[in-house]
Amino acid sequence: MKQRLSVIMASDVVGYSRLMGIDEKGTLSALKLHRHELWDVKIASYQGRTIKLVGDGMLTEFQTAEEAVLCAFEIQLEMRKRNAQVHADRRIEFRIGINIGDLIFEDDDVYGDGVNVAARIENIARPGGIAISASVRDTLGKRLGIRFEDAGEHALKNIERPIRIFNIIVDESGEASSPERTSTFEPRVQSIGTYRGREFSPNRTLLYVSNFSNLSGDPDQEYFAAGITEDVVAGLARFSRLTVVVQRPPSEPAHVEPMPYYMLDGSVRWLGNRVRVNANLTNVAGEQIWAEKYDFDLVDIFHIQDELSCSIPAALSVKIEEAERQRVLSKPATSLKAYDLYLRGRHLHQGSNPDEVRLAKAMYLAAIEDDPEYSRPYIGLAWIELRKLKWNEIVEIDTALATASALLSKALKLNPIDADTHWALGVVHLWRGEAERAVACYERARELAPNNCDLLAEYCDALGYLGRLEDAIRMGELAVRLNPSRPDWYLWDIAAAKFLSGKYSEALSLLEKMAEPGPAYRLLAATYAQLGRLEEARHAASELLKVNPDFSIKRYSSRAPYLDKTLMAKYIEGLRLAGLPE
């Protein structure tokens, strides 16, 4: 069984039984022609994939809400033209419903709440119209310049919760109604970069993925290379900062400066009872950003595919973000837009230097000014507040949490399926002492982005506070395994869980691998103290006070969200033995 989050488009023919009763052969012939000449072409052009055909009905999967809606628009408008010369009794009209939700693939069929909701929404769409769920509406925001009609909440068959539905407004002439109308329909895409006829958001990184090559010399193994490509693409599509396109980059004339992008290609080779998979990431200039080879024994093919569907997307996400930061840092400040400003802010916010944090905040605010509909700068500002608590700075805890919560609510409204927002909300609930809500947010984030290494490492930290120490260690070690450039703070989080488990030597081994402990000198001081190495504990304590001169044991113990206070007592004892101020 495989499960993934997708944008699902459900469609069927209005009055199909009546049309078949009038002219069965003619209806089937016309429907086949519409699908071949129109539906298949439009779906392919928007990177969709038809996952199920049932009579007159169809389920199609897309990677983004924008692509699904634009595809549906163009299909419905073209159907208006095709039906213009057809008698009203013989016209084939479609209803379309679009939803964001989980797809579950099992036994050559597709299931899931996302499918059920999409199908129910389609059932109440207008003939020739498009109905979408609130999750799709929220994700689109104002980016396409489309007007929506709020159809209210509906109790849908076999769906427990009411679903809010929006109709996309299409006037009687078949044109989409929008504030800036022309005589023909053209989706008005705000802040979108165009590349060879395709439109992409400048607030996402563009990644082209080529089908993995089968180098085994055996055509029967093509399915395996194709399966790896599909699984890797599905994993990459869960990173909301990436736009993934399954094709090679289009060639541009020499005089045209290409839009920045990255390219993933790979190969599969069978070597007796072993299989080798190579993956290679290059940038628009053809420079290699990352390359890796994976060797497996041919014991369980599904295990190999599952492993690659985690490892490759996780590594690519990390390496692409590193490359994007370097690209942005090399650009002149006057040319920065929202995405660039956000990346600069994120780069500055990696450490604890107060001046860099202030500059990061300025970058996030500038990104919001450039594009108020871009959700990630709000998340960045929220993290500035949350790290004040995590690093034990002097701040009013309720104010910091309220500020972070408000920023994240805004981000959630702009993009309800960004894993980073749910993850940060988990931190808010954790520090408010709301353990169950915190775990629910972290788990929702993991559903949306299961291979986000930073998320896994941060969840390790949260599970440590909640006393789930074995789970914390497992989560942190997974983050380290998946991230080819793991930052030091991953080790800090795992070491904290080891420390709370009483495994002081193992915790110390991890902490001593950190190049710049920074705020982690706190744990290092407590660990040395619990091992009886008091001189080294006092040295670590003095280093902590250089980083955070205002640190106090009282403030830490009154804030830290330990569910089991006996675990915190071990930490406090170590801090006192190290000589840190009360």
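All values reported here derive from a predicted model rather than from experimental measurement.

Asks: Tell me what's going on with helix α10 (residues 376–390), and back it up with residues and numbers.
Replies: End to end, α10 covers 20 Å across 15 residues, agreeing with the expected 21 Å (1.5 Å per residue, within 8%). Burial of α10 is extensive: 13 of the 15 residues sit out of reach of the surface. Just beyond α10, the residue with positive phi is Asn392, at close to 60°.

Asks: Can you explain the side chain of Asp340? Please cite residues and give values.
Replies: Considering the arrangement of structural elements, one finds Asp340 in helix α8 (residues 338–348). Look past the residues within four positions of Asp340 in its chain and what remains in contact with it is Arg327, Val328, Lys331 and Ser335.

Asks: Outline the packing of helix α16 (residues 488–500) against helix α17 (residues 504–511), listing residues and values.
Replies: Contact pair α16 / α17: the axes reach a minimum separation of 8 Å and the direction vectors enclose 170°. As the angle between them shows, α16 and α17 are arranged roughly antiparallel. Where α16 abuts α17, its residues Leu491, Trp492, Ile494, Ala495, Lys498 and Phe499 lie against Tyr504, Glu506, Ala507, Leu510 and Leu511. When its residues are assigned to classes, the contact of α16 with α17 shows nine nonpolar, no polar and two charged.

Asks: Could you give an account of the packing of aromatic side chains, naming the residues involved and the relevant values?
Replies: Within this structure, the stated rule accounts for 13 aromatic pairs. Aromatic pair Tyr442 and Tyr459: ring centres 4.7 Å apart, planes at 5°, arrangement stacked. Of this pair, Tyr442 sits in helix α13 (residues 435–448) while Tyr459 sits in helix α14 (residues 453–465), and the two are 17 residues apart along the sequence. For the residue pair Tyr442 and Tyr459, the accessibility class agrees, reading buried in each case. Geometrically, the ring pair formed by Trp489 and Tyr490 is edge-to-face, given 4.9 Å between the ring centres and 80° between the ring planes.

Asks: Got a sec to walk through the nonpolar core? Specific residues and values, please.
Replies: Core analysis: the largest hydrophobic core is formed by 143 residues, its most contacted members being Trp39, Ile98, Ile132, Tyr556, Tyr562 and Leu575. With 10 residues, helix α3 (residues 65–83) is the largest single contributor of residues to this core. In this structure, Tyr556 is in contact with Asn392, Tyr465, Arg522, Phe551, Tyr562, Tyr571, Ile572 and Leu575, ignoring residues within four places of it in sequence. Formed by 30 residues, the second largest nonpolar core is a distinct cluster that contains Leu207, Phe239, Phe296 and Ile312.

Asks: Quick rundown of the environment of Ala507? Include the residues and the values.
Replies: Inspection of the secondary structure puts Ala507 in helix α17. Note on Ala507: relative accessible area 0%, which makes it buried. As a C-alpha pair, Ala507 and Arg468 span 39 residues in sequence and 16 Å in three-dimensional space. Not counting chain neighbours up to four residues away, the residues in contact with Ala507 comprise Ala495, Lys498, Phe499 and Thr527.

Asks: Before we move on, can you summarise the state of the cysteines with the specific residues and values?
Replies: Applying the stated criterion to the full structure yields zero disulfides. Of all cysteine sulfurs in the structure, the one in Cys453 sits closest to Cys460, which takes part in no disulfide; the separation is 13 Å.

Asks: Run through the packing of helix α12 (residues 419–431) against α14, naming residues and quoting values.
Replies: Relative orientation of the contacting elements α12 and α14 amounts to 15°, with a least axis distance of 11 Å. Viewed along their axes, α12 and α14 adopt a mutual orientation that is roughly parallel. Our pair here, α12 against α14, has a crossing hand that is left-handed. On α14, the residues touching Trp423, Val427, Leu430 and Trp431 of α12 are Asp454, Leu455, Glu458, Ala462 and Tyr465. Grouping the constituent residues of the contact of α12 with α14 by class yields seven nonpolar, no polar and two charged.

Asks: Any chance you could break down the pattern of salt bridges for me, citing the residues and the numbers?
Replies: Oppositely charged side chains are able to pair whenever their charged atoms sit close together. Under the criterion given, the structure shown has 32 salt bridges. Of the charged contacts, one joins Asp150 and Arg164 as a salt bridge, the two residues approaching to 3.0 Å between their closest N and O atoms. A residue pair is termed long-range when its members are at least 10 positions apart, and Asp150 in strand β7 (residues 148–154) and Arg164 in strand β8 (residues 163–168) qualify at 14 residues. For Asp150, a relative accessible area of 41% translates into the label partly exposed. Two residues, Arg468 and Asp471, come together in a salt bridge whose shortest N-O distance is 3.3 Å. Arg468 gets classed as partly exposed once you look at its relative accessible area, which sits at 36%. What makes Asp471 partly exposed here is its relative accessible area of 25%. Residues joined in a network through salt bridges with shared partners are Glu321, Arg325, Arg346 and Asp454.

Each value, and the rule that gives it
- Residue numbers here run from 1 along each chain, matching the order of that chain's written sequence.
- Local features in this predicted model are restricted to residues of pLDDT 70 or higher, and side-chain atom pairs are both shown and tallied only at a pLDDT of 80 or more, whereas totals for entire chains, interfaces and linings draw on every residue.
- Computation of side-chain values: all heavy atoms of the structure, hydrogens and water removed.
- Only DSSP runs of H or I with at least four residues qualify as helices, and only runs of E with at least two residues qualify as strands; both kinds are numbered from the N terminus onward.
- An expected span of 1.5 Å times one less than the residue number is assigned to each helix.
- Each residue is placed in one exposure class: buried if its accessible area under a 1.4 Å probe, protein chains only, is under 20% of its type's maximum, exposed if it is over 50%, and partly exposed if it falls in between.
- Contact between two residues is taken to exist if any of their heavy atoms lie within 4.5 Å; hydrogens are not considered.
- To obtain each axis, a line is fitted to C-alpha atoms, and for helices this fit is confined to the stretch in contact; angles are then taken between N-to-C directions over 0 to 180 degrees.
- By the definition adopted for this analysis, an angle is roughly parallel if under 35 degrees, roughly antiparallel if over 145, roughly perpendicular if from 65 to 115, and oblique otherwise.
- Each residue receives one of three labels: charged for Asp, Glu, Lys and Arg, nonpolar for Ala, Val, Leu, Ile, Met, Phe, Trp, Tyr, Cys and Pro, and polar for the others, Gly being one of them.
- A pair of Phe, Tyr and Trp rings is counted when the ring centres sit within 6.5 Å of each other, with Trp represented by its six-membered ring. The angle between the planes then sorts it: under 30 degrees is stacked, over 60 is edge-to-face, the rest tilted.
- Here, the term nonpolar core denotes a set of buried Ala, Val, Leu, Ile, Met, Phe, Trp, Tyr and Cys residues that are joined through side-chain atoms within 4.5 Å.
- A pair of cysteine sulfur atoms is labelled a disulfide when the two atoms are within 2.5 Å.
- Whether a crossing is left-handed or right-handed is set by the direction in which the near helix is turned from the far one by less than a right angle, anticlockwise for left-handed and clockwise for right-handed.
- Salt bridge, as used here, is a side-chain nitrogen of Lys or Arg placed within 4 Å of a carboxyl oxygen of Asp or Glu.

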